[in-house]
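Okay, here's what each chain looks like letter by letter:
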Amino acid sequence: MKLFLDRRAALIRAVTFSAALAATLGLHAGAHAQAPANPTELRIGFQKYGTLTVLKAKGDLEKRLAPLGITVKWTEFPAGPQLLEGLNVGSIDFGTVGEAPPIFAQAAGADLVYVANQPPAPAAEALVVPKDSPVRTLADLKGRKVVLNKGSNVHYLLVKLLEKQGLKYSDIQVVYLPPADARAAFERGAVDAWVIWDPFLAAAERQLGARVIADGKGVVANHQFYLAARGYAEKHPQVVQAIVDELARLDRWSEANTAAVAALLAPQIGLDVATTELAAARFAYGIQPITPAIAAEQQKIADAFHALKLIPKPIRIADALPKSVRTAAK
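Residue numbers restart at each chain and count upward from 1, following the sequence in its written direction. Per-residue local features of the predicted model are confined to residues with pLDDT of at least 70, and side-chain atom pairs are confined, for both listing and counting, to 80 or more; whole-chain, interface and lining totals are unaffected and use all residues. Where side-chain values are given, they derive from all heavy atoms of the structure, hydrogens and water being excluded.

Undergrad: Explain the nonpolar core residue by residue, including any values.
TA: In terms of nonpolar packing, the biggest core is built from 103 residues, with Leu127 and Phe305 touching the most fellow members. Helix and strand assignments come from DSSP, with helices taken as H or I runs of at least 4 residues and strands as E runs of at least 2, each series counted from the N terminus. Here this core gets eight residues from one element, more than from any other, and that element is helix H11 (residues 237-256). When checking whether two residues touch, look at their non-hydrogen atoms; a contact exists if any pair is within 4.5 Å. Setting aside anything within four residues of it in sequence, one finds Phe305 in contact with Ala100, Ile103, Phe104, His155, Tyr156, Val159, Leu310 and Ile311. As used here, the term nonpolar core means buried Ala, Val, Leu, Ile, Met, Phe, Trp, Tyr and Cys residues forming a set that is joined through side-chain atoms within 4.5 Å. The buried label goes to any residue with under 20% of its type's maximum accessible area, the exposed label to any with over 50%, and the partly exposed label to all in between, with areas taken from a 1.4 Å probe on protein chains only.

Undergrad: Please set out the packing of helix H5 (residues 80-88) against helix H6 (residues 100-107) residue by residue, giving values where relevant.
TA: Packed helices, taken two at a time, are described by their axes: the angle between them and the distance between them. Under this scheme, a helix contributes an axis fitted over its contacting stretch, all axes are lines through C-alpha atoms, and angles between N-to-C directions fall in the 0 to 180 degree range. Close contact between H5 and H6 brings their axes to 9 Å; oriented N to C, the two are set at 45°. By the angle between their axes, H5 is oblique relative to H6. Here H5 and H6 pass one another in a crossing that is right-handed. Facing Gly80, Pro81 and Leu84 of H5, the residues of H6 in contact are Pro101, Pro102 and Ala105. As a working rule, the residues Ala, Val, Leu, Ile, Met, Phe, Trp, Tyr, Cys and Pro are called nonpolar, Asp, Glu, Lys and Arg charged, and the rest polar, with Gly in that last group. Here the contact of H5 with H6 is composed, by residue class, of five nonpolar, one polar and no charged. The labels follow the angle: roughly parallel below 35 degrees, roughly antiparallel above 145, roughly perpendicular from 65 to 115, and oblique for the rest. Each helix crossing is assigned a hand: it is left-handed if the near helix lies turned anticlockwise from the far helix by less than a right angle, otherwise right-handed if that turn is clockwise.

Undergrad: Which residues make up the pattern of salt bridges, and what values do they have?
TA: Salt-bridge detection follows one rule: a side-chain nitrogen of Lys or Arg within 4 Å of a carboxyl oxygen of Asp or Glu. Within this structure, the stated rule accounts for 14 salt bridges. Note that Glu163 is salt-bridged to Lys160, the shortest N-O span being 2.7 Å. On the criterion of helical spacing, the pair formed by Glu163 and Lys160 is a turn pair, its members being three residues apart in helix H7 (residues 153-165). Arg282 is the partner of Asp198 in a salt bridge, and the nearest nitrogen-oxygen pair spans 2.8 Å.

Undergrad: Mind laying out helix H9 (residues 200-208), listing which residues take part and the relevant values?
TA: Those residues of H9 lying buried are Phe200, Leu201, Ala202, Ala203, Ala204 and Leu208. On its buried face, H9 sits against strand S5 (125-129), helix H8 (179-187), strand S8 (193-197), strand S9 (211-215) and helix H13 (273-282).

Undergrad: Which residues make up the packing of aromatic side chains, and what are the values?
TA: Pairs were defined over the aromatic rings of Phe, Tyr and Trp, the Trp ring being its six-membered one, requiring ring centres within 6.5 Å. Orientation was assigned from the angle between planes: stacked under 30 degrees, edge-to-face over 60, tilted for the rest. Taken as a whole and judged by the stated rule, the model has eight aromatic pairs. Measuring from centroid to centroid gives 5.0 Å for Phe104 and Phe305, while their planes differ by 55°, and the two rings are tilted. Here Phe104 is found in helix H6, whereas its partner Phe305 is found in helix H14 (residues 292-307), with 201 residues between them in sequence. Since its relative accessible area comes to 16%, Phe104 is described here as buried.

Undergrad: An account of the environment of Ala266 is requested, with residue identities and associated values reported.
TA: Position of Ala266 among the secondary structure elements: in helix H12 (residues 258-269). Ala266 sits in the buried class, given a relative accessible area of 6%. Placed ten residues apart in sequence, Ala266 and Thr276 show a C-alpha to C-alpha distance of 5.8 Å. In contact with Ala266, not counting residues within four places along its chain, are Leu271, Asp272, Val273 and Thr276.

Undergrad: Account for the sheet that holds strand S7 (residues 173-176), with residues named and values stated.
TA: Two strands form a pair only when DSSP identifies at least two bridges running between them. A sheet is described by the order of its strands in space; here five strands give the open sequence S7-S6-S8-S5-S9, paired in mixed fashion. Looking along the sheet, the strands with just one partner apiece sit at the ends: S7 and S9. Here the average twist between neighbouring strands, direction ignored, is 30°. Where S5 lies against S9, four bridges are found, and the strand directions are antiparallel. Bridging from a neighbouring strand, Val128 pairs with Val212 of S9. Against the sheet, H7 touches S5, strand S6 (145-148), S7, S8 and S9, its axis set at about 70° to S5. Sitting on the sheet, H8 touches S5, S6 and S8, and the angle it makes with S8 is about 150°.

Undergrad: Explain the side chain of Thr53 to me, using residue names and the numbers behind them.
TA: You can see Thr53 is positioned in helix H3 (residues 50-58). We classify Thr53 as buried; its relative accessible area is 1%. Pairs of N or O atoms within 3.5 Å make up the polar contacts considered here, provided that, within protein, one atom can donate a hydrogen while the other can accept it, and that residues adjacent in sequence are counted only when both atoms are side-chain atoms. Polar side-chain contacts of Thr53 include one of 2.9 Å to the backbone oxygen of Tyr49. For Thr53, the contacting residues outside a window of four places in its chain are Phe46, Gln47, Lys48, Leu265, Gln268 and Ile269.

Undergrad: Any chance you could break down the pairing of strand S4 (residues 112-117) for me, citing the residues and the numbers?
TA: For S4, the buried fraction is high: six of the six residues fall into the buried class. Bridge count between S4 and strand S10 (residues 225-229): five bridges; the pairing is antiparallel. Within S10, the position partnered with Ala116 by the bridge is Tyr226.

Undergrad: Which residues make up the packing of H9 against H13, and what values do they have?
TA: Between H9 and H13, whose axes approach to 9 Å, the crossing angle comes to 135°. It follows that H9 is oblique to H13 by the angle criterion. Between H9 and H13 lies a crossing whose hand is right-handed. Across the interface between the two elements, Leu201, Ala202, Ala203, Glu205 and Arg206 of H9 pack against Ala274, Thr275, Leu278, Ala279 and Arg282 of H13.

Take a look at the structure:
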């Protein structure tokens, strides 16, 4: 009886989520009828983390879309800014990134739309130093070199950590490098600290003995966002719906099976199972539709980046939201 009730509860959550997402994307009977014919290929950008990478490993989306004559092409990117550059130039249709990349991309003119998000995962990103570093607190960073991937989620984490400590952005020397190059600089002592996310964070802790000075807990939310090229989302909403349906179902399984998730992810991301399991345990499961409240949080980040002149102009997050969310936010 308990198993039946658990399955029934899961089914209710799935139906409720699908209905909410359909409303968010404007999916209704008319939208299905008016949508153009399905494309023959769906191009997805992914990174070395999250449910989307697990979905790639399991192959569930391919099975879902095969009856529609749609194949799936997966392209890996080192970080969110590079992924959204790919979306902006038309090489992918859908992808997942953190909070900051969509803001930088929107400021650069990318025509993207927010589709859904994961719950906060503040422990999945952190500022770390070498194990023998004299740096013990955030205050010790003054005048030191801190490396990060420009425009990535950890960019905002650094801004907020400095603010919390009473330091200005100009009080440190920021070095911009993608994760692989940042790790190399970190290992050889060319920088004093590294602001990074999982699974790179987990790898730095386990393989290099990196010490966490501060993570995102109590500082940032660290949402993960799913985004689509606006033209693709508007022409093929039923395909976007299928992606998120599969992600929602996989999220429920992943939350209860982190060891199995690690076993699937490890060969995909090139890390050992123990390191991958550490990263998977810090991930937040339970995909959700975009809401006006989440959009408001994004707007605060965008405004902070503009105030620091990290983006060249102010942007309105509302311009990158589905029509239904823009209406609800008014």
